[in-house]
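Architecture at a glance
In case you want the letters, here they are:
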Amino acid sequence: MEFGQSCQMRGCNMLLLHPSTPECEVVLIRRARFQGRNVDSLKRAGICLLERDTGFFDSIAGRLTQWESWLLMFMRSSSDQIPLVSSGSSAEWAEKREETVSHTDGRHSRTRIARLSLLNGFVGRFARISLSLFLSTLFFLLAADSFGETSHRVYFKGTDSELDVYTVTGSSPGPTLLILGGIQGDEPGGYLAADLYADMSLNKGNMIVVPRANFLSIIENARGVLGDMNRKFAGNPDKSDRDARVVQIIKDLMKKSDFFLNLHDGSGFYSTKWESPDRNPSRFGQSIIADTSDHKLSDGRVIRMEKMVNRVLERVNPQISAAEHTFKFNNHQTLSEDSRHKEQRLSATYHALTQVGIPAFGIETSKNIKDYRLRVRYQTMVVNAFLEEFGIIPDSPRIYLDNQYLKYVIVSVNGRVPIVVSGNDVLKVHEGDVIRIVHIESNYSRGLTARIKGRGGGFNDLNQDVVLSQDTTILVRKDRFVIGSIPVELIKGKSHSAAGIHFEPKVKYFSVRVNDRTFQVEPGEEISVFRGDVLVILDPLTNLPVQDEKAVRVDLRGFQAESSPYPNDDRGHRINTASDLQDKYGRASGQVTVFPLHAKLDNKVFAESFISVVEPKAEYLVLKDADGGSFVVYPGDKLELPIKAVITILDVKSNLPGSAPLFITMSGKTVRWDQKGSAGIDASKLPETETPLDITRAGKSLGRIWIRRGGEFRLSSGENQPRQLLGPARY
């Protein structure tokens, strides 16, 4: 084999250069920097092997001998035996180099230089077989040096159809999964979860991630601005429909994939039987949808859809603590004439399964779960389980969603040097000025738009020149969520420079410690606590300079501090909500009293949140007779027990969170309630007169029942109306 030669074998894209050539010198320097190695050590290896498409070969080539490179060639080539031809001089290769430079982005992105290959001569089939074991060993020994990458492509840039596609290539080969989010714009659990996977790196396999298939609908928080895009995958596309070209790109991506997941939020909770209007077979939420249980392909292979989903459910559901939020398999039986979901024959998953022949599933989290961040968490649980099912191995399979926020916006006025405007500022310019929003800086880099209110045109004014003729507001969004609102005020008269930025004090959030947990409450929001909880008001986060924050006063209406490190300030005190708050300063509504929490500067309120104090109450007790079943008693009930009865307390139900300590007080004794039912009642030790049994918290009774010794089991309400003992009860 000679330097400067390459091969024409199928799958062969390598070129062997002598280490003394200028081209090799450049490559060795880049490789040494990337691998943290010395250039001379790479030169001493006596070879410079360049390759374009596979990071594994490129990362190991710098330390291969000529013999090892010859062996490596068997791994890149097919079983066909085709003679090699000369590729010409290394100077000719250098001319081709510029055509083969690929720029990619992501945590593992790098520039690869490539083309052509090595080898000279013919190799017999017998030689291939004899070397196979050695080559396998070589592959696994060197695999640790391989690297994955992420590439980003934008389709229809600058239009309402703008489509971002991220291709995540794993360090080692494997199947390819297409993840689609945002095809329906009012389902943030789907598109926010999909967006997280564009940042993931893979040890094995590949992903194609389309986080925002319908970006305009996401901004508008609508299912579809031009109709439902997920009902446009059948038949011939309508060329006048803007969605059609996006649908075609998605179809093309399906052909490059082995599996397909479509991420959605759905209504209610899916159930195989009718339980309620929100939980029945017609609902979609908290289910994994497939078009059939098994699907037979034209070549005779059968895709076992239901079995795949069941294995995923076995991985996911044990991680979900709320039983009502567990997932179920939802077979739409779309191929059946009796299907109740015939409209799904127009969907993306149906096209992927029936036309492309790949397993396709819809993941539906419930819109009834109001916290979209919890829906995102559920989505990632299911996607991660599917990754394991498909044999795709992430570097970091555990991902989560940070709260999105705006850091600042860079704005140019009349083409002058851009200025930085934060969400706490007011931008003041002159009438007729031309402003351009140059950049948005957030804790996220994707899904960001800026819209100047009152201006027509597209949904994104980023990098657009806008002439201002009236006061307006710059709304900055991460997907559909507004993360910043910057007022723009006009000064009458012409000018060719920005008039400046007006600073207004603002609170980003108040910090309140409730018992042993700290909560952040944004202005206008409300935090709920229970009467008896202990609060400590901490320092708020403001936009003020450190020296000015000392002038801020934090005031919880209804609380009067006896002493404080802050004059006339309520920070730093332990506030017992049962004894330290004066209800006359709060707003009462049923069993809730709302107290304002103010931030003041120069005795003027510039931020307000609210603390709602909820009255705790006992709802019922679950009791068990040693010789009988379980039954429920409610506050105010009267219970008569025969002398030989021994009653065990199985559970105490209240409106408090499960972690709140509750106590049972009876005959002057107070014992801690726990879920193991350690508290018991021996009827032989009860008097014949009624004895109160109280459920208490912090010394206050939340509910009381009356117990006495008698001749038989008897339960009556507080009005002495007999009640049937409900036993045995499942608990």
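The coordinates are above.
Since this is a predicted model, take the numbers as computed values, not measurements. (Residues numbered from 1 in each chain as written. Predicted model: local features only at pLDDT ≥ 70, side-chain atom pairs only at ≥ 80, totals over all residues. Heavy atoms only, no water.)

A word on the overall build of the chain
- When helices and strands are counted, the chain shows 13 helices and 46 strands.
- Burial analysis of the chain (731 residues in total) assigns 49% to the buried set.
- When contacts within the chain are restricted to residue pairs at least 6 apart in sequence, long-range pairs at least 24 apart make up 67% of them.
- When the accessible surface of the chain is split by element, carbon and sulfur atoms take 48% of a total near 35700 Å². (Helix = DSSP H or I, 4+ residues; strand = E, 2+ residues; numbered from the N terminus. Buried < 20%, exposed > 50% of the residue type's maximum accessible area, 1.4 Å probe, protein only. Contact = heavy atoms within 4.5 Å. Areas by Shrake-Rupley, 256 points an atom, 1.4 Å probe, with all protein chains shown as cover.)

Observations concerning the packing of helix 10 (residues 305–316) against helix 12 (residues 372–390)
- Here helix 10 crosses helix 12 at 125 degrees, and the two axes come no closer than 9 Å. Classified by the interaxial angle, the pair formed by helix 10 and helix 12 is oblique. For the crossing formed where helix 10 meets helix 12, the hand is right-handed. Where helix 10 abuts helix 12, its residues Met308, Val309, Arg311, Val312, Arg315 and Val316 lie against Met381, Val382, Ala385, Phe386, Glu388, Glu389 and Phe390.
- Looking at the contact of helix 10 with helix 12, its residues break down into nine nonpolar, no polar and four charged. (Axes fitted to C-alpha atoms, helices over the stretch in contact; angles between N-to-C directions. Parallel < 35°, antiparallel > 145°, perpendicular 65-115°, else oblique. Left-handed = near helix turned anticlockwise from the far one by under 90°. Nonpolar A, V, L, I, M, F, W, Y, C, P; charged D, E, K, R; others polar.)

Structural notes on the pairing of strand 20 (residues 425–430)
- Among the six residues that make up strand 20, five are buried, leaving the element largely enclosed by the rest of the structure.
- The pairing of strand 20 with strand 25 (residues 481–491) spans four bridges and is classified as parallel. Counted as the bridge partner of Val429 is Leu490 from strand 25. (Pairing = 2+ DSSP bridges.)

Re the side chain of Asp241
- Its location among the elements puts Asp241 in the loop between helix 8 (215–220) and helix 9 (242–255).
- Asp241 sits in the buried class, given a relative accessible area of 18%.
- A polar atom in the side chain of Asp241 sits 2.8 Å from the side chain of Lys232.
- Leaving out residues up to four positions away in the same chain, Asp241 has contacts with Leu226 and Lys232. (Polar contact = N/O pair within 3.5 Å; in protein donor to acceptor, adjacent residues only side chain to side chain.)

Description of empty space enclosed by the protein
- Summed over the entire model, instances satisfying the criterion amount to two cavities of 30 Å³ or more.
- Reported here for the second largest cavity is a volume of approximately 30 Å³.
- As for the second largest cavity, its lining consists of Lys232, Pro237, Ala244, Val247, Gln248 and Lys251.
- Class assignment for the residues of the lining of the second largest cavity results in three nonpolar, one polar and two charged. (1 Å grid on protein atoms, 1.4 Å probe; cavity = no way out; pocket = protein on both sides within 12 Å on 5 of 7 lines; lining within 4 Å. Points joined across faces, edges and corners; volume = space filled by probe spheres on them.)

Remarks on unusual backbone geometry
- Positive phi values are uncommon outside glycine, yet Asn414 reaches one of about 55 degrees.
- Looking at the secondary structure, you find Asn414 in the loop between strand 18 (406–413) and strand 19 (419–421).

A short note on the sheet that holds strand 37 (residues 618–625)
- As summarised here, the arrangement of the four strands in space is 38-37-40-43, forming an open sheet in which the pairing is antiparallel. In this open sheet, the two strands that pair with only one neighbour each are strand 38 (630–633) and strand 43 (680–682). When the angles between neighbouring strand axes are averaged without regard to direction, this sheet yields 30 degrees.
- Looking at chain direction, strand 40 (residues 646–654) and strand 43 are connected through three bridges and run antiparallel. When the bridges of strand 43 are listed, Ile647 appears paired with Ile681.

Describing the packing of aromatic side chains
- Under the counting rule described, the total for this entry stands at nine aromatic pairs.
- Aromatic side chains Tyr155 and Phe156 sit 6.1 Å apart centroid to centroid with 50 degrees between the ring planes, which places their arrangement in the tilted category.
- Assessed through its relative accessible area of 14%, Tyr155 is described here as buried.
- The partly exposed category is assigned to Phe156, whose relative accessible area is 22%.
- Measuring from ring centre to ring centre gives 6.5 Å for Phe631 and Phe713, while their planes differ by 75 degrees; the resulting arrangement is edge-to-face. Taken as a pair, Phe631 in strand 38 and Phe713 in the loop between strand 45 (700–710) and strand 46 (714–716) lie far apart in primary sequence, 82 residues in all. (Phe/Tyr/Trp six-rings, centres within 6.5 Å; stacked < 30°, edge-to-face > 60°.)

Re the sheet that holds strand 19
- As summarised here, the arrangement of the four strands in space is 19-18-21-23, forming an open sheet in which the pairing is antiparallel. Whereas interior strands pair on both sides, the edge strands pair on one side only; in this sheet they are strand 19 and strand 23 (465–467). This sheet shows a mean twist of 35 degrees between the axes of neighbouring strands, independent of strand direction.
- Taken together, the three bridges between strand 21 (residues 434–442) and strand 23 define a ladder with antiparallel strand orientation. From the neighbouring strand, Val434 faces strand 23, where its bridge partner is Val467.

Focus on helix 11 (residues 348–356)
- Of the positions making up helix 11, those classed as buried are Ala348, Thr349, Tyr350, His351, Ala352 and Leu353.
- Tucked into the core, helix 11 has its buried residues touching helix 9, strand 9 (259–266), strand 13 (294–296), strand 14 (302–304), helix 10 and strand 16 (360–366).
- Once helix 11 ends, the next one or two residues include Gly357, with phi positive near 80 degrees.

Here we look at the pattern of salt bridges
- Counted under the stated rule, the structure contains 36 salt bridges.
- With its nearest N and O atoms 2.7 Å apart, the salt bridge here joins Asp694 to Arg704. Taken together, the residues span a long stretch of sequence, with Asp694 in strand 44 (residues 691–697) and Arg704 in strand 45 at a distance of 10 residues.
- Ionic contacts of the salt-bridge type, sharing partners, join the residues Asp195, Asp199, Arg212, Arg446, Lys478 and Asp479 into one network. (Salt bridge = Lys/Arg side-chain N within 4 Å of Asp/Glu carboxyl O.)

A closer look at helix 10
- Over its 12 residues, helix 10 extends 17 Å from the first C-alpha to the last, a length consistent with the 16 Å expected when each residue adds 1.5 Å.
- Along helix 10, the residues that are buried comprise Met305, Met308, Val309, Val312, Leu313 and Val316. Down the axis, helix 10 shows its buried residues gathered within 140 degrees of arc, on one side only. More than 90 degrees from the buried face of helix 10, the exposed residues found are Lys307 and Glu314. (Expected span 1.5 Å × (residues − 1). Arc of directions from axis to C-beta.)

Concerning the side chain of Asp637
- Residue placement: Asp637 occurs in the loop between strand 38 and strand 39 (638–642).
- Given a relative accessible area of 5%, Asp637 falls into the buried group.

As for the layout of surface pockets
- Of the voids in this model, the largest pocket is the one considered here, and its volume is about 1100 Å³.
- Residue lining of the largest pocket: 32 residues in total, with Gln404, Tyr405, Ile483, Lys508 and Glu522 positioned closest to the centre.
- At the level of elements, helix 12, strand 18, strand 25, strand 27 (507–514), strand 28 (517–521), strand 29 (526–530), strand 31 (541–542) and strand 36 (604–614) are the ones that each hand at least two residues to the lining of the largest pocket.
- Ranked by the residues each element gives to the lining of the largest pocket, the list is headed by strand 25, at five residues.

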